[in-house]
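Architecture at a glance
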Amino acid sequence: MRTSYMRAVKAESLKLKRSPVWLAFFALPLISAFFGTMNYKLNTGVLKSEWYSLWSQHTLFLCYFFMPALIGTYCSYLWRLEHTRHNWNSFLTTPLPVSVLYLGKLTQAVRVSILGNLWIFLLFYVCGRFAGIQSHFPEEALEWFLCGTLGAVVVCCVQLLLSLVIRSFAIPIGIALAGGILGLYMTTHGYGMHYPYSLYCLGMRANNPNMEIRISTLIVNSVGFMVVFAALSVFYLRRHEITAN
Amino acid sequence: MITLRTEFKKIKRKKIGLTMCALIGVQFAWLLWSGSRPNESERLQGWIEMLHSLPLISVIMMPTIMSVLASRLADVEHKGNTYKLLHTLRRPGALYHAKVACGTLFILAISIAQFLFIIALGYARGYAGHPDWNYYAAAFALNLACCLSLYLLQLLLSMLFFNQMIPLVAGLGGSMLGLILMYIKMYSFLPWGGFLSAAQAAMDWNPETRIVRFYYREFSPVELCAVAMIFVWIVGFYTAGRILFARKEA
């Protein structure tokens, strides 16, 4: 099983070789960090919580509206490779279980999401120092990172399912944007923990860095969503006759 | 006309209309949610506030919606690898015009739906008086122009790149840039800032009293230039698209 998994991951890595898809995860957080820091510097009279204020400026729009869509773009790209031409034939006749093939795709999506999150935190630290914040870097940042990553994995699972079922490249991305916007509504009405697109923002504390959340609920719900959406994807791959384009 | 009809035949069962309805439905849900129980003072300012809320929502969603629309229309050719075949039957220019016209009809339908919805919502909520038709007409025309400029940009990118990730990421980046710019200035010369430049209403928030006041904008010369820039982008993107598409190797 382990060898099969490694082979699937390696195959996916080869498919993505020299493809500049990671550039989006580099560029969007950079835009958010640049303008967020600028806005923070211009409003230090109002934004007095130093690192916490800067964190909201960096992540509020990025986490709610754009990160789910960005993850959706990556997931769409992963399945587009199979949706184009006759690649489904070679994909489904690979001598590996479909669950392992799916895990190979999921691993790639999770890997780029983790790297994207690390980049967001690196930018946060560097911009904070540039903005002249002298206090210690918040210790909670590690928790934000871990919880945010968990939420990002949930979004990866949802988007992989959507991009698998919907052959279009663009529609799942539109759904991700709409999902992120509805996530804002769900979070403000207290249903964020039960809605997959809100978990990322709640984990990252994008709305309010001082927000208290129940970590156990976040973990249980995230794992639950992951299992459900991954199982649905594997079920679809096994049962549905996918025809090559 | 034949090429345009063919364009609609090509997208039959592609559910582009349904996708657009779903995405615009999210905008409507947002408008319904924001200010669902207006008090007396909010009812008095309701019609002006609508003209402030709509550009804000559009700046977040429209670049991505336009990139989805353009990508769906262009992807038909990429997936079928039909450029070479189509170029032998029609001039590349005609094919490009058909794509532009097809997308424009979708945009027109979206804009009409948006404005009908906000007017119906305003009456349903019991906003005082009636909408100021001059401002609403200007907002409608400029909203349409902004969408068209973004669509032409996205169509250009979607036609040029086989990898649809590039235009979609450009759309997302544009949405983000437009949204962030909104917090810096009330106008922008970038294509994604058009909704912001064209907004007919602005907001004045008093931090002391925490009272929000909406008012119709009086455009300064620089702001008028930013509005004019929307039309410059339309002409620029259309010309660039026409030239680059005609030169594109099938």
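The structure contained in this document is the topic of the report that follows. (Residues numbered from 1 in each chain as written. Chains lettered and ligands numbered in written order. Predicted model: local features only at pLDDT ≥ 70, side-chain atom pairs only at ≥ 80, totals over all residues.)

This part covers the overall build of chain A. Secondary structure assignment for chain A yields 9 helices and 0 strands. Ordered by position in the sequence, the α and β elements of chain A form the string α-α-α-α-α-α-α-α-α. Relative to the 2.2 N^0.38 estimate, which gives 18 Å for 245 residues, the radius of gyration of chain A is 19 Å and therefore close to what a compact globule would have. For the C-alpha atoms alone, the extent of chain A along its principal axes is close to 60 × 35 × 35 Å. (Helix = DSSP H or I, 4+ residues; strand = E, 2+ residues; numbered from the N terminus. Rg over C-alpha atoms; globule rule 2.2 N^0.38 Å.)

Helix and strand counts for chain B come out as 9 helices and 2 strands. Expected size for 250 residues packed as a compact globule is a radius of gyration near 18 Å; at 19 Å, chain B falls within 12% of this value. Taken over the C-alpha atoms alone, chain B extends approximately 65 × 35 × 30 Å along its principal axes. Across the 250 residues of chain B, 42% fall into the buried class. Taking all contacts inside chain B whose residues are at least 6 apart in sequence as the whole, residues at least 24 apart take part in 80%. (Buried ≥ 20, exposed ≤ 12 C-beta atoms within 10 Å, placed from the backbone. Contact = placed C-beta atoms within 7 Å.)

For the pair helix H7 (residues 171-188) of chain A and helix H2 (residues 16-33) of chain B, interaxial distance at closest approach is 10 Å and the crossing angle is 10°. The angle between H7 of chain A and H2 of chain B places the two elements in the roughly parallel class. In this structure, H7 of chain A contributes Ile 171, Gly 174, Ala 178, Ile 181, Leu 182 and Tyr 185 of chain A to the contact, and H2 of chain B contributes Thr 19, Leu 23, Val 26, Trp 30 and Trp 33 of chain B. The class makeup of the residues in the contact of H7 of chain A with H2 of chain B is 9 nonpolar, 2 polar and no charged. (Axes fitted to C-alpha atoms, helices over the stretch in contact; angles between N-to-C directions. Parallel < 35°, antiparallel > 145°, perpendicular 65-115°, else oblique. Nonpolar A, V, L, I, M, F, W, Y, C, P; charged D, E, K, R; others polar.)

Bringing helix H8 (residues 196-204) of chain A into the picture now. Residues and elements named next belong to chain A. The buried fraction of H8 is high, at 9 of 9 residues. By the burial criterion, the buried members of H8 are Pro 196, Tyr 197, Ser 198, Leu 199, Tyr 200, Cys 201, Leu 202, Gly 203 and Met 204. On its buried side, H8 packs onto helix H3 (51-83), helix H6 (141-165), H7 and helix H9 (215-239). Remark: Arg 205 follows H8 within two positions and exhibits a positive phi of approximately 55°.

With that settled, the discussion passes to the packing of H8 of chain A against H9 of chain A. How two helices sit against one another is set out by the angle between their axes and by the gap between those axes. All names here are of chain A. Between H8 and H9, the shortest axis-to-axis distance is 11 Å and the interhelical angle comes to 145°. As for the relative orientation of H8 and H9, their crossing is left-handed in sense. Residues Pro 196, Leu 199, Leu 202 and Gly 203 of H8 touch H9, and the partners they reach there are Leu 218, Asn 221, Ser 222 and Phe 225. Taken together, the residues of the contact of H8 with H9 sort by class into 5 nonpolar, 3 polar and no charged. (Left-handed = near helix turned anticlockwise from the far one by under 90°.)

Glancing now at unusual backbone geometry. Residues and elements named next belong to chain A. At Arg 205, a position not held by glycine, the phi torsion is positive, near 55°. Looking at the secondary structure, you find Arg 205 in the loop between H8 and H9. By the C-beta count within 10 Å, which is 23 here, Arg 205 ends up buried.

Time to look at the interface of chain B and chain A. Counting residues at the interface gives 26 residues for chain B, matched by 28 residues for chain A. Residue assignment for the side of chain B that touches chain A shows that the elements contributing at least two residues are H2, helix H3 (40-80) and helix H7 (165-181) of chain B. For the side of chain B that touches chain A, the element with the highest residue contribution is H3 of chain B, accounting for 10 residues. Among the residues forming the side of chain B that touches chain A, the class breakdown is 17 nonpolar, 6 polar and 3 charged.

Here we come to the nonpolar core. Counting residues in hydrophobic clusters, the biggest one holds 130 residues, and the most contacted among them are Phe 66, Leu 70, Ile 71, Cys 156 and Cys 157 of chain A together with Leu 69 and Tyr 151 of chain B. Ranked by the residues each element gives to this core, the list is headed by H3 of chain B, at 16 residues. In this structure Ile 71 of chain A touches Ala 109, Ser 113, Ala 152, Val 155, Cys 156, Gln 159 and Ala 176 of chain A, once residues within four positions along its chain are discounted. The next biggest cluster of nonpolar side chains, apart from the first, holds 8 residues, and it includes Trp 55, Phe 121, Phe 124 and Cys 127 of chain A. (Core = buried A, V, L, I, M, F, W, Y, C linked by C-beta atoms within 7 Å.)

A regular strand carries its side chains on alternate faces of the sheet. All names here are of chain B. Note that strand S1 (residues 201-206) and strand S2 (residues 211-216) share 6 bridges and pair antiparallel. In the strand pairing of S2, Trp 205 is matched with Val 212. Here S1 folds back onto S2 in antiparallel fashion, the turn holding 4 residues, of which Arg 210 has a positive phi close to 60°. (Pairing = 2+ DSSP bridges.)

What follows deals with H7 of chain B. With 17 residues, H7 of chain B extends 24 Å between its outermost C-alpha atoms, agreeing within 8% with the 24 Å of an ideal straight helix rising 1.5 Å per residue. Of all the 17 residues making up H7 of chain B, 15 are buried; the element is thus mostly covered by neighbouring parts of the structure. (Expected span 1.5 Å × (residues − 1).)

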